[in-house]
Amino acid sequence: MNIAFFSTQKYEQPFFERSINKHPQIEICYFEQALNEQTALLAKGFDAVCVFVNDTVIALVIEHLAEHGINTILLRCAGFNNVDLVAAKAHNIKVLRVPAYSPEAVAEHCVALMLTLSRKTHKAYNRVREDNFDLNGLLGFNLHGKTVGIIGCGKIGLALCNILNGFGAHVLVCDPYATLGNYTITDLDSLLTQSDIISLHCPLNEQTHHLINDDAFNKMKPGVMLINTSRGALLNSKACINALKTKKLGYLGLDVYEQESELFFKNHSDEINQDDIFSRLVSFKNVLITGHQGFFTQEALSEIANTTIQNAIEINEQRPLTNEVL
Ligand code: NAI
């Protein structure tokens, strides 16, 4: 089975090479380019494509893939909002994903964002390097005793609940589909009004697109902390900027951004950033943005590679598919 691997990053290749070592029937050809209308031709002659979060697998791309004989899309991530599933089904292309590689990796990254924003360790690091030991401006707050609202309590949300429980935080959960014994389940409005910290862990879909908008900010406590490590479009970025300007939003931690496909996973340091909304967000002192690295641990990369190759083997050997999206 020949796999065309798009959006390759150097750091993931060794994990995939280790994983296919035991499976000589699988061959991977690595392309640095993202999969899109222009690059779909590269997939000609392969059996499958392997894609990541910012590859654009829209209907037109799928049409091209089908013409080139592709029968499988292997997502090396959990989310599948970037794939047109209807088009894939219409062309009889299987879509498989890695549903859970390390929920703890993302949950721990959320806590890193929360603690950095609250305790300002990023500022302290720079100050101490300049022999500046002044504590003014570094005043933080305890997580202990705070109310933390988790929107979406699947694998990552639950891992975060468990960590926050250890901090002694009061955890509120809003998830219309979850049945949890240990944590208080509430409706969205109550969570928005009661929480000191809000963290988003639901998938991006029609119902959750711009879930956090002006109306949601109006319901929140003044000075609330908001963390988004799920998908950028769960937040309306302009509403965030307004809420930051009025100080309604006291802290914002992002690992994802609505227009991230133009920016993330590449070095743009020699270019002028043309995204005014992103530039404005970065300019706030109480905003911390990381470039979609919540998943980025050794354990997670290893699991992503192993599960993706396992998915390919199931296709190749026509076995029942464990992780089929369609
Ligand atoms: P999951 O599928 O285990 O959990 C999602 C939960 O959201 C489910 O319990 C579902 O019932 C709930 N949900 C659905 N609609 C909702 C709504 N309208 N309101 C509240 N809850 C709702 O997914 P998992 O693995 O926990 O991942 C969550 C998200 O994290 C993914 O969709 C993905 O976008 C993102 N992610 C980000 C990563 C990163 O590196 N930053 C890495 C992996 C995932």
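Up top is the structure.
Here's a quick rundown of the structure. It should be emphasised that the depicted structure is a prediction, and the values quoted were computed from it without experimental measurement. (Residues numbered from 1 in each chain as written. Predicted model: local features only at pLDDT ≥ 70, side-chain atom pairs only at ≥ 80, totals over all residues. Heavy atoms only, no water.)

Remarks on the pairing of strand β2 (residues 27–30)
Okay, so step 1: By the alternation rule, side chains of β2 split into I28 and Y30, which are all buried, and E27 and C29, of which none is buried.
Okay, so step 2: Alignment of strand β1 (residues 2–5) against β2, held across four bridges, turns out to be parallel. Across the sheet, the residue bridging to N2 is E27, located in β2.
Okay, so step 3: Taking the sense of rotation as the criterion, the β-α-β connection linking β1, helix α1 (residues 13–20) and β2 turns out right-handed. (Buried < 20%, exposed > 50% of the residue type's maximum accessible area, 1.4 Å probe, protein only. Helix = DSSP H or I, 4+ residues; strand = E, 2+ residues; numbered from the N terminus. Pairing = 2+ DSSP bridges. Right-handed = clockwise from strand over helix to strand, strands pointing away.)

Concerning the site of the ligand
Okay, so step 1: The local shell around the ligand holds 23 residues, among which K155, I156, D175, T229 and F295 are the closest.
Okay, so step 2: One of the backbone nitrogen or oxygen atoms of I156 is found 2.9 Å away from an oxygen atom of the ligand.
Okay, so step 3: Measuring from an oxygen atom of the ligand, one finds a side-chain N or O atom of D175 at 2.6 Å.
Okay, so step 4: Here the ligand has 860 Å² of accessible area as a free molecule, and 85% of this is covered by the chains. (Near = heavy atom within 4 Å. Polar contact = N/O pair within 3.5 Å; in protein donor to acceptor, adjacent residues only side chain to side chain. Areas by Shrake-Rupley, 256 points an atom, 1.4 Å probe, with all protein chains shown as cover.)

Describing the sheet that holds strand β8 (residues 184–185)
Okay, so step 1: Reading across from one edge, β8-β7-β6-β9-β10-β11-β12 is the order of the seven strands in this open sheet, with parallel pairing throughout. Taken across any chain shown, the strands that pair with only one partner, and hence form the sheet edges, are β8 and β12 (287–289).
Okay, so step 2: Relative to strand β7 (residues 170–174), strand β6 (residues 147–151) is paired through five bridges, and the arrangement is parallel. The residue of β7 that forms the bridge with V148 is V171.
Okay, so step 3: Together, β6, β7 and β9 (197–200) form the strand contacts of helix α6 (residues 155–167), whose direction differs from that of β6 by roughly 170°.
Okay, so step 4: Packing of helix α9 (residues 237–245) onto the sheet brings it into contact with β11 (249–254) and β12, and relative to β11 it is tilted by some 140°. (Contact = heavy atoms within 4.5 Å. Axes fitted to C-alpha atoms, helices over the stretch in contact; angles between N-to-C directions.)

Concerning the packing of α9 against helix α10 (residues 276–283)
Okay, so step 1: Where α9 contacts α10, the axes come no closer than 10 Å and their chain directions differ by 30°. The orientation of α9 relative to α10 falls into the category roughly parallel. Crossing of α9 against α10: the hand is left-handed. Each of S237, K238, C240, I241, L244 and K245 in α9 lies in contact with α10, whose residues at this interface are I277, R280 and L281.
Okay, so step 2: Counted by class, the contact of α9 with α10 contains five nonpolar, one polar and three charged residues. (Parallel < 35°, antiparallel > 145°, perpendicular 65-115°, else oblique. Left-handed = near helix turned anticlockwise from the far one by under 90°. Nonpolar A, V, L, I, M, F, W, Y, C, P; charged D, E, K, R; others polar.)

Things to note about the sheet that holds strand β4 (residues 72–75)
Okay, so step 1: Taken together, five strands build an open sheet; the order of strands is β2-β1-β3-β4-β5 and the sheet is parallel. Edge positions in the sheet fall to β2 and β5 (94–96), since each has one partner strand and no second. Mean inter-strand twist for the sheet, computed between neighbouring axes without regard to direction, equals 20°.
Okay, so step 2: Examined bridge by bridge, strand β3 (residues 48–51) and β4 share four bridges and lie parallel to one another. Within β4, the position partnered with C50 by the bridge is L74.
Okay, so step 3: α1 rests against β1 and β2 of the sheet, and its axis sits at about 165° to β2.

With respect to the pattern of salt bridges
Okay, so step 1: Counted by the stated rule, this structure contains six salt bridges.
Okay, so step 2: One salt bridge in this structure joins K94 and E324, with 3.4 Å as the shortest N-O distance. With K94 in strand β5 and E324 in the segment after α11 (298–316), this pair connects stretches of sequence that are 230 residues apart.
Okay, so step 3: Residue class for K94 comes out partly exposed when judged on its relative accessible area of 34%.
Okay, so step 4: Residue K219 is joined to D189 by a salt bridge in which the shortest nitrogen-to-oxygen separation is 3.2 Å. With a gap of 30 residues between them, K219 in helix α8 (residues 214–219) and D189 in helix α7 (residues 188–194) connect regions that are remote in the sequence. (Salt bridge = Lys/Arg side-chain N within 4 Å of Asp/Glu carboxyl O.)

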